[in-house]
Amino acid sequence: MRSHKGFSKSLRLYEEALKYIPAGVSSNARLWANPFVCSFAACTIFIERAFGSHIWDVDGNEYIDYRLAFGPVILGHSYPAVHRAVHKADEKGTVYGLDNELEVKLAKLLCRVVPNAEMTRFANSGTEATMHALRIARGYTKKEKVIKFEGHYHGAHDYLLFSTQHMPFTANIGKPHPQSLGIPEAIKKLVITERWNDFERIEKTVKKNHRHTAAVITEPVMGNAAAIPPKPGYLKHLKELCEKYDLLLIFDEVKTGFRLAMGGAQEKFKIKPHLATFSKSMGNGYPIAAITGIRDVMEIIGKGPGHVVHGGTFAGNPVSMAASIATIEELRKRKVFNHINNYGSKLMRGLGDIFEKGKISAIIQGYPGMFMYVPTKKKEITNYRDLGACDVNLCGRLQYELLLRGIMIEEDFEEPMYTCFSHSKKDLQKTLATFEEAMKAAKIPRSAVKAARFRK
Ligand SMILES: Cc1ncc(COP(=O)(O)O)c(C=O)c1O
């Protein structure tokens, strides 16, 4: 094991940040709560740089990166073709407040590769995209309620920040659980939460509420809940229900977009939603998002009475457009998906073998570009509540032991591991060897680890 240099500089920066930035981070998701990490290290790690499949923290520790910034980095950090395209664009200015040719080029490209994209509007983040998609659905259907699923995260805006995480599992399934203070009660009344992958429940809920419900929004694979896949036929069932009862189906492809296939989950599962949202991987790390949809629905966007407003100062800015065009052009080269599929499949199989060898029952679920292990005695995990039966302690210990050995995964085991085009054969070998070591270490009682390693 290469010796880890500790987290002292990260810790100092974190303490300094606490004085100026609430909770010391710019996004709550970065605030680690893993008790194993937090008892020895900073509550968040500060990064100095990232290149290819590797990332370096401010203490000089190098990691093979499987967080990849919660998914966006699909080609590799600072990927040359994207880097060049961005710099070529920013020499001509970064934002015009008027449209540019790159927007048309990217919209055309998306319409070619994404099955439901007859038209596209651009935004800058996943939060913005889902917020606008919901408004489009409401404007188009003239209905106000929305059905979402437990454990599905669609961004930080008020409309959908319900029952995403850590909700009381004893609560009624249909009862939306707000994830933040400050979300108005009036908005809660517009949200219906359901259990995912349950054919009968959703059918009853749609039947009962369709007169007032604009849309069903779903992540096609649970990208915020350990990559739980849809049951065969479930996404088709959602589409059929929406068509039958006059609701719109929205796929939130912010995570699945370009990770499952060139045309996202809708291509992989052959289901065309009425609307879809993309972000993360479409810019390989640059801030960009898109709402794609069928023409009839998208044409509700416009100016004046009878239209839906969508806009943004930075929407369609040439730098993000250039990043996304370069990313998608790279992704269209067959070798990129071949590599990700090959690398991810080997890693998934290897992790499965390690759990088996360690005599720990676990499910490895998801797809080669986005997957997770779930140590559990359950035979299958099909919805968010099933994750309650996961060995959270083992996940926490594993993450920490991996971190010490140069492998970066997210501390929250509900966040999948991501693979990218820059992960190499050497990364794979090191990851599997390290994982085996980390697994052994994770089984040692925590008190013994603390005494042995952190006596200073
Ligand atoms: C499925 C999904 N939708 C929306 C979002 C929000 O995206 P952003 O963080 O860019 O606002 C996320 C973020 O993780 C996500 O996973």
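Residues numbered from 1 in each chain as written. Predicted model: local features only at pLDDT ≥ 70, side-chain atom pairs only at ≥ 80, totals over all residues.

### Comments concerning the overall build of the protein
When helices and strands are tallied, the protein shows 15 helices and 14 strands. Scaling as 2.2 N^0.38, a compact globule of 456 residues should have a C-alpha radius of gyration of about 23 Å, and the protein matches this with 22 Å. A principal-axis box enclosing the C-alpha atoms of the protein has dimensions of 70 × 55 × 45 Å. Counting every position in the protein, which comprises 456 residues, the buried fraction comes to 51%. When contacts within the protein are restricted to residue pairs at least 6 apart in sequence, long-range pairs at least 24 apart make up 72% of them. (Helix = DSSP H or I, 4+ residues; strand = E, 2+ residues; numbered from the N terminus. Rg over C-alpha atoms; globule rule 2.2 N^0.38 Å. Buried ≥ 20, exposed ≤ 12 C-beta atoms within 10 Å, placed from the backbone. Contact = placed C-beta atoms within 7 Å.)

### Observations concerning the packing of helix α13 (residues 392-404) against helix α14 (residues 425-442)
For the pair α13 and α14, the least separation of the axes is 9 Å and the interaxial angle reads 125°. When the axes of α13 and α14 are compared, the pair comes out oblique. As α13 packs across α14, the resulting crossing turns out to be right-handed. The residues of α14 that touch α13, namely those facing Leu 394, Arg 397, Leu 398, Glu 401 and Leu 402, are Thr 434, Phe 435, Ala 438, Met 439, Ala 441 and Ala 442. (Axes fitted to C-alpha atoms, helices over the stretch in contact; angles between N-to-C directions. Parallel < 35°, antiparallel > 145°, perpendicular 65-115°, else oblique. Left-handed = near helix turned anticlockwise from the far one by under 90°.)

### A short note on the sheet that holds strand β1 (residues 47-51)
Strand order in the open sheet made by the four strands is β1-β2-β3-β13, with mixed pairing throughout. Two strands lie at the open edges of the sheet, namely β1 and β13 (407-408), each paired on one side alone. Here strand β3 (residues 62-65) runs beside β13; their pairing, made up of two bridges, is parallel. If you follow Ile 64 over to β13, its bridge partner there is Ile 407. (Pairing = 2+ DSSP bridges.)

### With respect to the environment of Asn 342
Along the polypeptide, Asn 342 turns up in helix α12 (residues 334-357). On the basis of neighbour counts, which here come to 14 C-beta atoms within 10 Å, the residue Asn 342 falls in the partly exposed class. Considered as a pair, Asn 342 and Gly 369 are 27 residues apart in the sequence and their alpha carbons are 9.5 Å apart.

### Considerations on α13
Taking 1.5 Å per residue, 13 residues should reach 18 Å; α13 reaches 19 Å between its end C-alpha atoms and fits that length. Counting buried positions over the 13 residues of α13 gives eleven, a clear majority of the element. Backbone geometry just after α13 places Gly 406 at a positive phi near 90°. (Expected span 1.5 Å × (residues − 1).)

### Focus: the domain arrangement of the protein
Size of an interface: often given as the accessible area lost when the parts come together. According to the domain assignment, the protein consists of domain 1 (8-65 + 339-453) and domain 2 (80-331). The gap between the C-alpha centroids of domain 1 and domain 2 is 27 Å. Counting residues at the interface gives 18 residues for domain 1, matched by 19 residues for domain 2. Those elements giving two or more residues to the side of domain 1 that touches domain 2 turn out to be β11 (362-367) and β12 (370-375). Looking at the side of domain 1 that touches domain 2 residue by residue, the class counts come to ten nonpolar, six polar and two charged. (Domains from an automatic or database assignment. Nonpolar A, V, L, I, M, F, W, Y, C, P; charged D, E, K, R; others polar.)

### Some points on the site of the ligand
Near the ligand, the surroundings consist of 15 residues, among which Ser 125, Gly 126, Thr 127, Gly 155 and Val 254 are the closest. With three residues, helix α5 (residues 126-141) is the largest single contributor of residues to the shell around the ligand. Residue composition of the shell around the ligand, by class: three nonpolar, nine polar and three charged. (Near = placed C-beta within 6 Å.)

### Structural notes on the pairing of strand β7 (residues 213-218)
Counting buried residues in β7 gives six out of six residues, a clear majority hidden from the surface. Where strand β5 (residues 145-149) lies against β7, three bridges are found, and the strand directions are parallel. Pairing of Val 146 across the sheet is with Ala 215, part of β7. Here β7 pairs with strand β8 (residues 248-252) via four bridges, running parallel. What sits directly across from Thr 218, in β8, is Phe 251. In this fold, β7 hands off to helix α8 (residues 234-245), which returns the chain to β8; that crossover is right-handed. (Right-handed = clockwise from strand over helix to strand, strands pointing away.)

### Remarks on the nonpolar core
Counting residues in hydrophobic clusters, the biggest one holds 126 residues, and the most contacted among them are Ala 137, Ala 215, Leu 248, Ile 250 and Ala 322. Once residues within four sequence positions are removed from consideration, Leu 248 is found in contact with Ala 137, Tyr 140, Thr 141, Ala 214, Ala 215, Cys 242, His 274, Leu 275 and Val 297. (Core = buried A, V, L, I, M, F, W, Y, C linked by C-beta atoms within 7 Å.)

### Looking at α8
The terminal C-alpha atoms of α8 lie 17 Å apart, and with twelve residues this matches the ideal 16 Å at 1.5 Å per residue to within 8%. Buried residues of α8: Tyr 234, Leu 235, Leu 238, Leu 241 and Cys 242, and no others. Summarising the axial view, the buried residues of α8 lie within an arc of 120°, below the 170-degree limit, and thus occupy one face. Structural note: α8 exposes Glu 243 and Lys 244 on the side pointing more than 90 degrees away from its buried face. Against the buried residues of α8 lie α7 (199-209), β7 and β8. (Arc of directions from axis to C-beta.)

### Digging into unusual backbone geometry
For Asn 197, which is not a glycine, the phi torsion comes out positive at approximately 70°. Note on Asn 197: 22 C-beta atoms within 10 Å, which makes it buried. Of note, the phi angle at Asn 284 is positive, near 50°, even though the residue is not glycine. If you trace the backbone, Asn 284 turns up in the loop between β9 (275-278) and β10 (289-293).

### With respect to the sheet that holds β10
Pairing between the strands of a sheet is mediated by backbone hydrogen bonds and can be parallel or antiparallel. What the seven strands build is an open sheet, ordered β4-β10-β9-β8-β7-β5-β6; its pairing is mixed. Every interior strand has two partners, whereas the edge strands, β4 (119-123) and β6 (191-194), have only one. Going across the sheet, the axis of each strand differs from the next one's by a mean of 20°, ignoring polarity. The sheet strands contacting α7 are β5, β6 and β7, and the helix crosses β6 at an angle near 160°.

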